[in-house]
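# Structural overview
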Amino acid sequence: MKFSNYLVLFLILYSLDSKAQDVQVGLIGGMTIYQGDFPSYRLKDTLTILANPGFGIFLRKPIGEKLAVKGSIYFSQFEGDDSLDPSLLGFRNPSFFKYPMSEFTITADFRLFAINQYKRPIEFFVLGGFGFSKSTVSNQDIAADCPILNLILPLGAGIRTRINDNIYMSLHFEQVLTNSDCLDGFKGLNSAKDTYSSLKVGISYSFSPATGNSKNIGCPTF
């Protein structure tokens, strides 16, 4: 799916916000690590983790005091290397892969509890939802067996705090489940579905959208 398609979906989400309610628009930065047939980390001898930087944008809309819905677009890379597991050397040629990935997700986050620190609330939340990610980019041998878009189910937890009346920061971890064994362009060694994990930092600005010829001015929700 091209970036323009993701942007259209994102704008549709925004246009659905017709009621006067605080909305947060923000940026995401993070690291993503793939888990599948190709190893992406090694803990023995030397610590090696093939985590790749990522970035994106999101739109978050609170619903009440504890619940919020968020639509996001995120771009990163998947990477794996057989050399991280000596038993796999020579099994595949090439034995290394790295290519861009993109995802579009709609998630809901629920605040479990909050504490006040330095007169600023710190929220602890869990999240879950669904979305789509780009599947393999180049492997003609299995292209017929792999979908163009891959259904994903992100699950995670994180913390969020308010910097001032309008600016918020968050840190959360996601474990993303997929319905495919094709994220790395390779089907095998087993039938287990590929997964990936992301650690994301977000910063957002909260504002109250206009309704008709007026604008709702109130306390930002969190």
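Coordinates for the structure precede this section.
Below: a short report on this structure. (Residues numbered from 1 in each chain as written. Predicted model: local features only at pLDDT ≥ 70, side-chain atom pairs only at ≥ 80, totals over all residues. Heavy atoms only, no water.)

### Section: the side chain of Glu103
Worth spelling out the cut-off: Numbering of helices and strands runs from the N terminus, with a helix taken as a DSSP run of H or I at least four residues long and a strand as a DSSP run of E at least two residues long. Only protein chains enter the accessibility calculation, which uses a 1.4 Å probe. A residue is then buried if its area is under 20% of the maximum for its type, exposed if over 50%, and partly exposed in between. Whenever two N or O atoms come within 3.5 Å, that pair is a polar contact, provided that in protein one can donate a hydrogen and the other can accept it, and provided that, for residues adjacent in sequence, both atoms are side-chain atoms.
By secondary structure assignment, the location of Glu103 is in strand 6 (residues 96–117). Take Glu103: its relative accessible area is 1%, and that puts it in the buried class. Here Lys200 takes part through its side chain, which lies 2.7 Å from a polar atom of the side chain of Glu103.

### As for the side chain of Thr107
What counts, and what does not: Only heavy atoms enter the contact rule, under which two residues are in contact if any of them lie within 4.5 Å.
Relative to the helices and strands, Thr107 resides in strand 6. Accessibility expressed as a relative area gives 5% for Thr107, which makes it buried. Contacts of Thr107, omitting those with residues within four sequence positions, involve Ala68, Val69, Lys70, Gly128, Gly129 and Pro154.

### Looking at the nonpolar core
Side chains of a nonpolar character, in soluble globular proteins, are inclined to be buried together. Where we set the bar: Among buried residues, those of type Ala, Val, Leu, Ile, Met, Phe, Trp, Tyr and Cys that are joined through side-chain atoms within 4.5 Å constitute a nonpolar core.
One finds Tyr34, Phe38, Phe78, Phe97, Tyr99, Met101, Ile152, Val176, Leu183 and Tyr196 forming the largest nonpolar core, which totals ten residues. Sorting elements by how many residues they give to this core places strand 6 first, with three residues. Those residues in contact with Tyr34 that lie beyond four places of it in its chain are Ser40, Phe78, Glu79, Phe97, Leu183, Asp184, Asp194, Thr195 and Tyr196.

### Looking at the pattern of salt bridges
What counts, and what does not: Any carboxyl oxygen of Asp or Glu within 4 Å of a side-chain nitrogen of Lys or Arg constitutes a salt bridge here.
Evaluated as defined, the whole model comprises seven salt bridges. In this structure, the salt-bridge partner of Glu123 is Arg111, at a minimum N-O distance of 3.2 Å. Of the two residues, Glu123 sits in strand 7 (residues 120–134) while Arg111 sits in strand 6, which places them twelve residues apart along the sequence. Among the ionic pairs, Glu123 bridges to Arg160, the shortest N-O distance being 3.4 Å. A residue pair is termed long-range when its members are at least 10 positions apart, and Glu123 in strand 7 and Arg160 in strand 8 (residues 149–162) qualify at 37 residues. For the pair formed by Glu123 and Arg160, the shared burial category is buried. Salt bridges sharing common partners tie together Arg60, Asp109, Arg111, Glu123 and Arg160.

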